[in-house]
Amino acid sequence: MVVWDNKGSKVVVVLSKRRVVITGLGVISSLGNDIPSCWDNLLKGKSGVNYIEGFDVSALPTKIAAQVRGFIPTDYLSRKDARRMDRFVQFACAAARQAAEDSKLEINQDNADRVGVWIGTGIGGLETFEKQHKILLKKGPNGVGPFLIPMMICNMASGQVSIMLGARGPNSCTVTACAAGTNSIGDAFRIIQNDEADVMITGGAEASITPLGVGGFCAMRALSTNNDDPQGASRPFDAQRDGFVMGEGAGIVILEEMGHALERGAKIYAELAGYGTMGDGYHIVQPDPEGNGAAKAFTRAFKDAGITPEQVDYINAHGTSTSINDAVETKAIKKALRDHANQVAVSSTKSMTGHMLGAAGGLECIAAALCCQYNMIPPTINYQNPDPVCDLDYVPNQAREKTVNVAVSDSLGFGGHNAVLVLKKNMNR
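We now turn to the structure provided with this report. (Residues numbered from 1 in each chain as written. Predicted model: local features only at pLDDT ≥ 70, side-chain atom pairs only at ≥ 80, totals over all residues. Heavy atoms only, no water.)

## Focus on the overall build of the protein
Working step 1: Tallying secondary structure elements over the protein gives 13 helices and 16 strands in all.
Working step 2: The C-alpha radius of gyration computed for the protein amounts to 21 Å, which stays within 12% of the reference 22 Å derived for 429 residues, consistent with globular compactness.
Working step 3: If one aligns the C-alpha atoms of the protein with their principal axes, the spans along those axes are about 75 × 55 × 40 Å.
Working step 4: Taking all 429 residues of the protein together, 60% fall into the buried category.
Working step 5: When contacts within the protein are restricted to residue pairs at least 6 apart in sequence, long-range pairs at least 24 apart make up 78% of them.
Working step 6: Within the structure as shown, the protein displays about 17300 Å² of accessible surface, and the carbon and sulfur contribution to it stands at 51%.
Working step 7: Charge separation in the protein, taken as the distance between the mean sites of 41 positive and 44 negative side-chain charges, equals 2 Å. (Helix = DSSP H or I, 4+ residues; strand = E, 2+ residues; numbered from the N terminus. Rg over C-alpha atoms; globule rule 2.2 N^0.38 Å. Buried < 20%, exposed > 50% of the residue type's maximum accessible area, 1.4 Å probe, protein only. Contact = heavy atoms within 4.5 Å. Areas by Shrake-Rupley, 256 points an atom, 1.4 Å probe, with all protein chains shown as cover. Lys, Arg positive; Asp, Glu negative; His and termini not counted. Charge placed at Lys NZ, Arg CZ, Asp CG, Glu CD.)

Written as structure tokens, this is what we have:
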């Protein structure tokens, strides 16, 4: 910060940053609707991809997705509240309640203004939109339900979680396509650093496996059509990759100022130490082919965390299983990490969860935190055919035991949004 003394001379003042830690985790995913089952399945290399259920896919070229199964909204919400929420909001509320309980976070009249919510999504309430549009066509405008708008709009995950838990601090939503979850966690991180809150409930949620959602991505030719082998369809960095597999769910973390967490004796999974975000300014859906925006986001996150590239032990990659993305991301990692890129372990959990779109960054931050906690790295499954342009250590097919002091999670979104988080092992335990 630059200030001026009483004689008009410029003085540079360096302010120490408030440190931020992760004290609670919650997840709804195709690999399980709680942290223990999801983490166990990630380490086992289990795929959550299967044939789409719930609507007719016979006319679609893609018939597979990583759907959430066994989710019961009323395990977390009243029946009345659940009926007034889109599925992506239900996912967010469920994962947020898990995370708050995991953190043993108590919100009351004394601290509610210092607890905020920041949950991102890429698309929002698409299921509600589709259902109500059918009613519009059949019954006309007067048939449209009064909850269409508050169920559909993207910010309602944050709004409903705030209402459910009684958090009255900063409340917002970042919508940056597939980077939304990571950007939301980074934006919430800044809120705590800037002393605008002590605790933030943050992450991402998505529920876009609908006829319109799948149809739209099929029209872009972005999805895998490996319908004969659903569990082998998502194959990031493999030479035979043919598109991503849609996923859904929510990943929510509790961020907390370190002193606040230590004072109340909270469990600490990892320290969130750095955040970097940059734009490509290149194309609406294709990343910059040189990976410049992503590379700069990595570099900014490293600087923010006070680390060098050589300190990175693991990268939870965006790794979508699309031809262009995986090649560009590999190039960006090489630019940002230089010679160390060949020594760092890189894996894509999307090989198992599918691409959860705006929720991806939430689950992947959770995975990075657990890597720091347990010194185990999930694999990139279905990696069989090396690609000359994807030549890093992708932790193929088997989980790996490795000391992880610094883990990185990155996300790249349509529109050229790049976001990177840096996590450090908790040294206070």
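Further notes follow.
## What about a positive patch on the surface?
Working step 1: Positive charge collects at one region of the surface, where Arg-79, Lys-80, Arg-83 and Arg-84 lie side by side.
Working step 2: When you line up the elements, Arg-83 lands in helix H2 (residues 79-83).
Working step 3: By relative accessible area, which is 68% here, Arg-83 ends up exposed. (Patch = residues over 30% accessible without salt bridge, like charges linked within 9 Å, V, L, I, M, F, W, Y side chains within 5 Å. Salt bridge = Lys/Arg side-chain N within 4 Å of Asp/Glu carboxyl O.)

## Description of the environment of Leu-136
Working step 1: For Leu-136, the location among the structural elements is in helix H4 (residues 126-139).
Working step 2: Assessed through its relative accessible area of 34%, Leu-136 is described here as partly exposed.
Working step 3: Excluding residues within four positions of it along the chain, Leu-136 makes contact with Pro-141 and Val-144.

## Examining the packing of helix H10 (residues 292-305) against helix H11 (residues 323-337)
Working step 1: Relative to each other, H10 and H11 sit at 40 degrees, their axes nearing to 8 Å. Looking at the two axes, H10 sits oblique to H11. When the axes of H10 and H11 are compared, the crossing they make is right-handed. Every residue of H11 that contacts H10 at Asn-292, Ala-294, Ala-295, Phe-298, Thr-299 and Phe-302 is listed here: Ala-332, Ile-333, Lys-335, Ala-336 and Leu-337.
Working step 2: Of the residues belonging to the contact of H10 with H11, the class tally is eight nonpolar, two polar and one charged. (Axes fitted to C-alpha atoms, helices over the stretch in contact; angles between N-to-C directions. Parallel < 35°, antiparallel > 145°, perpendicular 65-115°, else oblique. Left-handed = near helix turned anticlockwise from the far one by under 90°. Nonpolar A, V, L, I, M, F, W, Y, C, P; charged D, E, K, R; others polar.)

## Notes on the packing of helix H7 (residues 180-193) against helix H13 (residues 360-374)
Working step 1: Contact pair H7 / H13: the axes reach a minimum separation of 5 Å and the direction vectors enclose 65 degrees. When the axis of H7 is compared with that of H13, the two are roughly perpendicular. Packed against H7, whose contacting residues are Gly-181, Thr-182 and Ile-185, the element H13 presents Gly-361, Gly-362 and Cys-365 at the interface.
Working step 2: When its residues are assigned to classes, the contact of H7 with H13 shows two nonpolar, four polar and no charged.

## As for the side chain of His-318
Working step 1: Within the fold, His-318 resides in the loop between strand E11 (314-316) and H11.
Working step 2: Reaching out from His-318, the side chain makes a polar contact with the backbone oxygen of Leu-412 at a distance of 2.8 Å.
Working step 3: With residues up to four places along the chain from it excluded, the contact list for His-318 reads Cys-178, Asn-325, Glu-329, Ser-348, Lys-350, His-355, Asp-410, Ser-411 and Leu-412. (Polar contact = N/O pair within 3.5 Å; in protein donor to acceptor, adjacent residues only side chain to side chain.)

## Points about H10
Working step 1: Counted at 1.5 Å a residue, the expected span for H10 with its 14 residues is 20 Å, and the 20 Å between its end C-alpha atoms agrees.
Working step 2: Within the sequence span of H10, burial applies to Gly-293, Ala-294, Ala-295, Ala-297, Phe-298, Ala-301, Phe-302, Asp-304 and Ala-305.
Working step 3: Immediately beyond the C-terminal end of H10, within one or two residues, lies Gly-306, with a positive phi of roughly 70 degrees. (Expected span 1.5 Å × (residues − 1).)

## Some points on the nonpolar core
Working step 1: Formed by 47 residues in total, the largest nonpolar core has its most connected members in Ile-22, Leu-25, Met-200, Val-253, Leu-255 and Leu-423.
Working step 2: Taken together, the elements giving at least two residues each to this core come down to strand E3 (20-28), helix H1 (35-44), H7, strand E9 (249-257), strand E10 (270-279), H13 and strand E16 (417-425).
Working step 3: A total of 10 residues in this core trace back to one element, the largest contributor, which is H13.
Working step 4: Excluding residues within four positions of it along the chain, Val-253 makes contact with Ile-22, Gly-24, Leu-25, Ile-185, Met-200, Ile-201, Thr-202, Cys-365 and Ile-366.
Working step 5: Formed by 33 residues, the second largest nonpolar core is a distinct cluster that contains Phe-71, Ala-99, Met-156 and Val-199. (Core = buried A, V, L, I, M, F, W, Y, C linked by side-chain atoms within 4.5 Å.)

## Some points on the environment of Val-389
Working step 1: Assignment of secondary structure puts Val-389 in the loop between strand E13 (376-377) and strand E14 (400-401).
Working step 2: Between the alpha carbons of Val-389 and Met-220 there is a distance of 23 Å; along the sequence they are 169 residues apart.
Working step 3: In this structure Val-389 touches Ala-327 and Thr-330, once residues within four positions along its chain are discounted.

Function cannot be read off these values alone, since they describe shape.
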